[in-house]
Amino acid sequence: MDAEADVAAVTRVLANRARLAMLELLMDGLAHPAGDLARETGVALSTASGHLQALARAKLVEAEPTSRQRRYRLSRPEVARAIEALAMIAPRRRVSSLREVSNAERLREGRTCYDHLAGRLGVGITDALLAGDALRGSDGGFEVTGPGERLFGRLGVDVDDARERRRAFALPCLDWTERRSHLAGALGAELCDRLFELGWVERRGPGRAAALTEAGSVGLRELLELDLERTA
């Protein structure tokens, strides 16, 4: 018989702003050295190492040894989805500096949610895929239609490869800024990777903010009839 989920064990680890800030940084889907995470969160390296050890014990992050230094990434996509869900119910913190306001606006326009796209950009693409009958809701997730198979093929997204991954295929992930769902799961990850590869989406700065390029704006308009204002 399975034991009950120990939610309190996770919330105890998350009850620290520096640890949450590290998880937020790691939601760009990349692996970062402890020194970079310490600098971005404004704590000493020794303090950051302690926080990362606590997050690793809770299985929220994992270390990725390299030849030169240890890097950290989120342990699995579900961690990112849980953080997005917590953001939906969390009270809003007032931001006062121009830098904070600008960063918040960039994240709302577009960002990565671990390995898929979120914000106005991610939700807009998902809405266009649904409106164009490329995706259809099914049993709490999404399924790809016949027209969707052809559309993803033209885009260069390998739908069969996404289906064969050892994870959920296509899931709705509730977007905390837009209050609607964006596409997650293996298909969302394949789509995100392809848009970066094409140069249609690019990262903005060292965080997880992402934006359409001029080529992406034209490409999505032609492919999905999606007219998002370019944010690059």
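Residues numbered from 1 in each chain as written. Predicted model: local features only at pLDDT ≥ 70, side-chain atom pairs only at ≥ 80, totals over all residues. Heavy atoms only, no water.

Q: Kindly report on the overall build of the chain, identifying the contributing residues and their values.
A: Within the chain one finds 11 helices and 11 strands. A globule of 232 residues ought to have a C-alpha radius of gyration of about 17 Å, and the chain, at 18 Å, matches this closely. Over its C-alpha atoms, taken along the principal directions, the chain stretches across nearly 50 × 50 × 40 Å. For the chain, buried positions account for 44% of its 232 residues. (Helix = DSSP H or I, 4+ residues; strand = E, 2+ residues; numbered from the N terminus. Rg over C-alpha atoms; globule rule 2.2 N^0.38 Å. Buried < 20%, exposed > 50% of the residue type's maximum accessible area, 1.4 Å probe, protein only.)

Q: I'd like a rundown of empty space enclosed by the protein, residues and numbers included.
A: This model, assessed by the stated rule, comprises three cavities of 30 Å³ or more. Within this model, the largest cavity holds a volume of roughly 70 Å³. As for the largest cavity, its lining consists of His 116, Leu 117, Gly 122, Ile 125, Thr 126, Leu 129, His 182, Leu 183, Gly 188, Leu 191 and Cys 192. Breaking the lining of the largest cavity down by element, the ones donating at least two residues are strand 5 (116–118), helix 7 (119–131), strand 9 (181–184) and helix 10 (185–198). Considering every element that reaches the lining of the largest cavity, the biggest residue donor is helix 7, with four residues. (1 Å grid on protein atoms, 1.4 Å probe; cavity = no way out; pocket = protein on both sides within 12 Å on 5 of 7 lines; lining within 4 Å. Points joined across faces, edges and corners; volume = space filled by probe spheres on them.)

Q: Go over the layout of surface pockets, please, and point to the residues and values.
A: Approximately 2200 Å³ is the volume attributed to the largest pocket. Lining the largest pocket are 49 residues; nearest its centre among them are Leu 20, Ala 21, Glu 24, Arg 93 and Trp 176. The element that contributes the greatest number of residues to the lining of the largest pocket is helix 6 (residues 98–109), accounting for nine residues. Considering only residue class, the lining of the largest pocket consists of 26 nonpolar, seven polar and 16 charged. (Nonpolar A, V, L, I, M, F, W, Y, C, P; charged D, E, K, R; others polar.)

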